[in-house]
Amino acid sequence: MSDFSLEEMLRRDPRNEWIARNRLHPLHDTVLSAEQGERRGPSGLLRKDPHLVGFIGPNGIKRIDRADVFSSVGAELAGKKRSTEAKAVSLPWHIVENPAGYIMVVADMVGGRLTRHDKDILGLAHQLATEKAAVAVVLVCFGESKETQFDLAGVDRLIHLAGQEFNGFAPEARLAALEQIETQFYPDYWLFPDSVNGGADLASRLAARLGERPATQAWQVNGTQTLCRGASSSVDIRRATPRILMLLEECADAIDSTRHQALPLQIKPLAALKKSNGSSKMLDRGMIDVDASAVPLAEAEFILSAGNGIHNWNQFHAAAAALGATEGASRVAVDDGFMPRERQVGASGTWVTARVYLAVGISGAIQHMQGIGQCDKVVAINTDAGCDMVKRADLAVIADSDAVLAELTKLANAFMASKQQTSSKQGEKSDAA
Amino acid sequence: MPPNINVVSLVSIGRHPQSGRARRAEQDGRAVELGLTMVGEALTVLHAGNPQNPVLRQYAGMGLPSLTVLDQASSCDAVSVLLRYLRKNPTDIVLTGVRAERGESSGMLPYLLAEQLGWPLVPKVAEIVSVQDGKADVLLALPRGQRRSVQVSLPFIATIDNAAPEARQSAFGPGSRALFSIQKGDNLADDAFMEWKISPAKPRPKRLKVVKAKTAADRMKAATAKPVGGGGKIMKQESPEEKAQAIFDLLLEEKVIR
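Residues numbered from 1 in each chain as written. Chains lettered and ligands numbered in written order. Predicted model: local features only at pLDDT ≥ 70, side-chain atom pairs only at ≥ 80, totals over all residues. Heavy atoms only, no water.

- As annotated in an unreviewed UniProt entry, chain B is Electron transfer flavoprotein subunit beta from Marinomonas hwangdonensis.
- Recorded in UniProt under Sequence similarities (unreviewed entry), the annotation for chain B is "Belongs to the ETF beta-subunit/FixA family." (UniProt positions renumbered as here; feature names shortened; annotations may be inferred.)

- Per an unreviewed UniProt entry, chain A is named Electron transfer flavoprotein subunit alpha/FixB family protein, and its organism is Marinomonas hwangdonensis.
- Turning to chain A, the UniProt record has this under Sequence similarities (unreviewed entry): "Belongs to the ETF alpha-subunit/FixB family."

Some thoughts on the side chain of glutamate 327 of chain A
Residue and element names in this part refer to chain A.
Moving on, step 1. Considering the arrangement of structural elements, one finds glutamate 327 in strand E16 (residues 326-329).
Moving on, step 2. Arginine 343 provides the closest opposite charge to the buried, unpaired glutamate 327, separated from it by 5.7 Å.
Moving on, step 3. Side chain to side chain, glutamate 327 and histidine 317 meet in a polar contact 2.9 Å long.
Moving on, step 4. What glutamate 327 contacts, discounting residues up to four positions off in sequence, is Leu297, Ile303, Leu304, Phe316, His317, Ala320, Met339 and Arg343. (Helix = DSSP H or I, 4+ residues; strand = E, 2+ residues; numbered from the N terminus. Buried < 20%, exposed > 50% of the residue type's maximum accessible area, 1.4 Å probe, protein only. Lys, Arg positive; Asp, Glu negative; His and termini not counted. Salt bridge = Lys/Arg side-chain N within 4 Å of Asp/Glu carboxyl O. Polar contact = N/O pair within 3.5 Å; in protein donor to acceptor, adjacent residues only side chain to side chain. Contact = heavy atoms within 4.5 Å.)

Examining helix H5 (residues 116-129) of chain A
All names here are of chain A.
Moving on, step 1. End to end, H5 covers 20 Å across 14 residues, agreeing with the expected 20 Å (1.5 Å per residue, within 8%).
Moving on, step 2. Most of H5 sits out of view: 11 of its 14 residues are buried.
Moving on, step 3. All of the buried residues along H5 are His117, Asp118, Asp120, Ile121, Leu122, Gly123, Leu124, Ala125, His126, Leu128 and Ala129. (Expected span 1.5 Å × (residues − 1).)

Considerations on the sheet that holds E16 of chain A
Moving on, step 1. Read across the open sheet, the 6 strands follow the order E16(A)-E15(A)-E17(A)-E18(A)-E19(A)-E13(B); overall the sheet is parallel. Each edge of the open sheet carries a strand with a single partner, namely E16 of chain A together with strand E13 (233-235) of chain B. Neighbouring strand axes in the sheet, compared pairwise and without regard to direction, differ in orientation by 15 degrees on average.
Moving on, step 2. Across 5 bridges, the pairing between strand E15 (residues 302-306) of chain A and strand E17 (residues 356-360) of chain A is parallel. Each bridged residue has a counterpart across the sheet, and for serine 305 of chain A the counterpart in E17 of chain A is alanine 359 of chain A.
Moving on, step 3. Sitting on the sheet, helix H10 (residues 313-323) of chain A touches E15, E16 and E17 of chain A, and the angle it makes with E15 of chain A is about 175 degrees. (Pairing = 2+ DSSP bridges. Axes fitted to C-alpha atoms, helices over the stretch in contact; angles between N-to-C directions.)

Digging into the domain arrangement of chain A
Moving on, step 1. Here chain A is partitioned into domain 1 (14-87), domain 2 (93-277) and domain 3 (297-413).
Moving on, step 2. Of note, the centres of domain 2 of chain A and domain 3 of chain A, computed from C-alpha atoms alone, are 36 Å apart. (Domains from an automatic or database assignment.)

As for the interface of chain A and chain B
Moving on, step 1. Counting from both sides, the interface comprises 87 residues of chain A and, opposite them, 77 residues of chain B.
Moving on, step 2. Surface buried jointly by chain A and chain B totals about 7,300 Å² across both partners, of which 57% is contributed by carbon and sulfur atoms.
Moving on, step 3. Across the chain A-chain B interface, the total number found is 11 salt bridges.
Moving on, step 4. Here arginine 209 of chain A makes a salt bridge to glutamate 115 of chain B, at a shortest N to O gap of 2.7 Å.
Moving on, step 5. Counting across the chain A and chain B interface gives 38 residue pairs in polar contact (both at pLDDT 80 or more).
Moving on, step 6. The biggest single contributor to the side of chain A that touches chain B is helix H14 (residues 401-432) of chain A, with 9 residues. (Buried area = accessible area lost by both parts, 1.4 Å probe.)

Points about the state of the cysteines
All names here are of chain A.
Moving on, step 1. A full pass over the atoms with the stated rule returns 0 disulfides over all chains.
Moving on, step 2. Free cysteine: cysteine 228, not disulfide-bonded; nearest cysteine sulfur from cysteine 251 at 12 Å.
Moving on, step 3. Under the relative-accessibility criterion, cysteine 228 is labelled buried at 2%.
Moving on, step 4. The cysteine cysteine 375 is free of any disulfide, with cysteine 387 supplying the nearest cysteine sulfur at 16 Å.
Moving on, step 5. Exposure remark for cysteine 375: the relative accessible area of 5% places this residue in the buried category. (Disulfide = S-S within 2.5 Å.)

Topic: unusual backbone geometry
Moving on, step 1. With an omega of -10 degrees, the peptide bond between leucine 154 of chain B and proline 155 of chain B qualifies as cis.
Moving on, step 2. As for its placement among the helices and strands, proline 155 of chain B is situated in the loop between strand E9 (147-153) and strand E10 (156-160).
Moving on, step 3. Positive phi, close to 50 degrees, is recorded for methionine 109 of chain A, a residue that is not glycine.
Moving on, step 4. Relative to the assigned elements, methionine 109 of chain A resides in the loop between strand E4 (101-106) and H5.
Moving on, step 5. You will see that glutamine 217 of chain A, though not glycine, has its phi angle at about 50 degrees, which is positive.
Moving on, step 6. Residue position: glutamine 217 of chain A is located in strand E8 (residues 215-221).
Moving on, step 7. A relative accessible area of 8% places glutamine 217 of chain A in the buried class.

Re the pattern of salt bridges
Moving on, step 1. Counted according to the given criterion, the structure contains 27 salt bridges over all chains.
Moving on, step 2. For arginine 205 of chain A, the salt bridge is made with aspartate 201 of chain A, and the minimal N-O distance between the two is 3.3 Å. One end of the pair, arginine 205 of chain A, and the other, aspartate 201 of chain A, are both in helix H8 (residues 199-210), 4 residues apart, so they sit about a helical turn from each other. Residues arginine 205 of chain A and aspartate 201 of chain A agree in their burial class; the two are buried.
Moving on, step 3. It is possible to trace a salt-bridge network through shared partners that takes in Arg113, Glu301 and Arg355 of chain A together with Glu254 of chain B.

A short note on the packing of helix H3 (residues 79-88) of chain B against helix H4 (residues 109-117) of chain B
All names here are of chain B.
Moving on, step 1. In the contact formed by H3 and H4, the axes pass within 10 Å of each other and the chain directions differ by 50 degrees. On the basis of the axis angle, H3 is oblique to H4. Seen from above, H3 lies across H4 with right-handed handedness. Along its contact with H3, which presents Val79, Leu82, Leu83, Leu86 and Arg87, the element H4 presents Leu109, Leu112, Leu113, Gln116 and Leu117. (Parallel < 35°, antiparallel > 145°, perpendicular 65-115°, else oblique. Left-handed = near helix turned anticlockwise from the far one by under 90°.)

What to know about the sheet that holds strand E6 (residues 157-161) of chain A
Moving on, step 1. The 10 strands lie next to each other as E13(A)-E6(A)-E5(A)-E4(A)-E7(A)-E11(A)-E8(A)-E9(A)-E10(A)-E12(B), forming an open sheet whose pairing is mixed. Each of the sheet's edge strands pairs with one partner strand only, and the pair in question is strand E13 (263-264) of chain A together with strand E12 (197-200) of chain B.
Moving on, step 2. Docked against the sheet, H5 of chain A engages E4, strand E5 (135-142), strand E7 (189-193), E8 and strand E11 (244-247) of chain A, running at close to 160 degrees with respect to E7 of chain A.
Moving on, step 3. In the packing of H8 of chain A onto the sheet, contacts are made with E4, E5, E7 and E11 of chain A, and the angle to E7 of chain A comes to roughly 150 degrees.

Digging into the environment of asparagine 187 of chain B
All names here are of chain B.
Moving on, step 1. Following the sequence through the fold, asparagine 187 ends up in the loop between strand E11 (179-184) and helix H6 (191-195).
Moving on, step 2. Note on asparagine 187: relative accessible area 53%, which makes it exposed.
Moving on, step 3. Residues asparagine 187 and glutamine 132 lie 55 residues apart in sequence; the distance between their C-alpha atoms is 39 Å.
Moving on, step 4. Those residues in contact with asparagine 187 that sit more than four places away from it in its chain are Gln72, Ala73 and Cys76.

So, the packing of aromatic side chains
Moving on, step 1. If you walk through the whole model with that rule in mind, you get 7 aromatic pairs over all chains.
Moving on, step 2. On the basis of an interplanar angle of 65 degrees and a centroid distance of 5.0 Å, the ring pair of tyrosine 102 of chain A and phenylalanine 185 of chain A is categorised as edge-to-face. One end of the pair, tyrosine 102 of chain A, is in strand E4; the other, phenylalanine 185 of chain A, is in helix H7 (residues 171-185), with 83 residues separating them in the sequence. Across this residue pair, the class does not change: tyrosine 102 of chain A and phenylalanine 185 of chain A are buried.
Moving on, step 3. Seen in terms of ring centroids, tryptophan 190 of chain A and phenylalanine 192 of chain A are 6.2 Å apart; in terms of plane orientation they differ by 20 degrees. Their pairing is stacked.
Moving on, step 4. Look at phenylalanine 192 of chain A and you get buried, because its relative accessible area is 0%.
Moving on, step 5. Linked through ring pairs, Trp313, Phe316 and Phe338 of chain A together constitute an aromatic cluster.
Moving on, step 6. Lying across the ring of phenylalanine 180 of chain B, arginine 57 of chain B places its NZ or CZ 4.3 Å from the centre. (Phe/Tyr/Trp six-rings, centres within 6.5 Å; stacked < 30°, edge-to-face > 60°. Lys NZ or Arg CZ within 6 Å of the ring centre and 35° of its normal.)

Have a look at this one:
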């Protein structure tokens, strides 16, 4: 008995324990709150009360929030912004100091941004770069660029040719620039997207000029062997990896866990370009206006889509015509008979790939959101600020659709009128000259 | 359209996508159709390969009185023999498909011809609008149904996109009666192609959505959370004019309004 001193002995209060066990006891709550923190069982073990975990939800059912969604929301509301700080995790740097070799990736940059295809090819370029030491992945892009995340996409060096002569349809100028890069850097590989956005065309021109036999429709590439599709995608061709490759989509995974320098790389002035400028055999006359309603919905570039919030349908059609947009609709608008079935966007309609999707009066059912999953920019006009479409949108306008559509139509008409005036003035000038 | 230009359509043996049988190639058929609408029966239709191939009669059945065949084995490279033909015979416009349906189908042949001849090449043509004073106005088919107008000087090579008018039906009788002018081709074997290993196409693996979450709770969140754009701008208090202007500026910035 002398081993036990009174201080070391765990003192138990059987009455309090009995009250804590009895939830109907009038003192139950006070006893529990007094014992919060650490509770010891009869043998001195730390006990956790499962009844104390969680909170009572809005309909009286107990909820346990293991993902900590609500606590972070609460913290944000309290002005602490804990979750946003936690999100800005800085990725590790991938630095190439003095590159011994280069891999050139010529991006499509549809709409001035890297496409998913471009990012996959940058990922493949890094796979090829690991096979040798100190190889830098260089992105070559033409024209205007709106991309802000070159560093996260895996661009070690950047050659951005922003001159006016590279805009639009300019294969000769672009080819001259690529030739200049070839003589200046002699890259290990030239990687192009095998796409209809001009990647395959430019790659074929470069291959013909350099006299290399390229791999087309390649989808599995390493330093020695390449697997390409051939004969209208019915056979696989296994061959040695050439210097010029045109790659299919999903040929590799995009870079997502490192940060890159994206340092600009200077190229010498283009002598060949200036020489060829005078004698260009192809002249770009610009884009032709096409009938937007004749473009299939699945491949339309700009969609004006209508939902339950539209009351004035004549105004909606007029707005679509003025903006030159292809018309789409949500399921409600189609079911109510305002729009034809082939215009329906969403799970049971068409999955669209538009670059800009303007949703008017659509709150965003999940089936509809699936259908617009591949759209780049979503603009929402809605009266409900809490709907899913507003959460998804890059620009959301909380207003009644009638007023905004009327203003938009007015703006578009004014824009077209001013454009016609300037073009007619230019025509007069050139006639006089 | 002046009839005094020389148009050559290059045709190849196609492959039916389901059965794999030989057929009239889709884009080459459109190239012949475009040539026929431009110059009618003055069109030269040129094939490098086996003149006994019955598929050539399908091209002839589109209303051609004759076909020119450069006789060579199917394993041989067509570029050199076509180059020789185009250098010898006066030609203004060469029409081809974008990609062949057999062989490597790299789509490089028109580019190699254009490079060797020093002619311009216009890719993915939907329509040749007019030919005047040694210049042609062509419409290029861009993705998303867009069209671009390009002026190109003769002579040039054009690859014909699927957006061009569909090839007319082929008639069996006239096709069988058409005359073939057979010329001797080269026999330069395509050595590099012989070295490649060719196997039936394997289905490509589908890309899996890999979630790099550390904890089970994070994976649960990734699987159940709705995709939220985040960082979107919301306009509530402004007047309708300002709201419409903001939308219009975005449309202009994205260049969907031209």
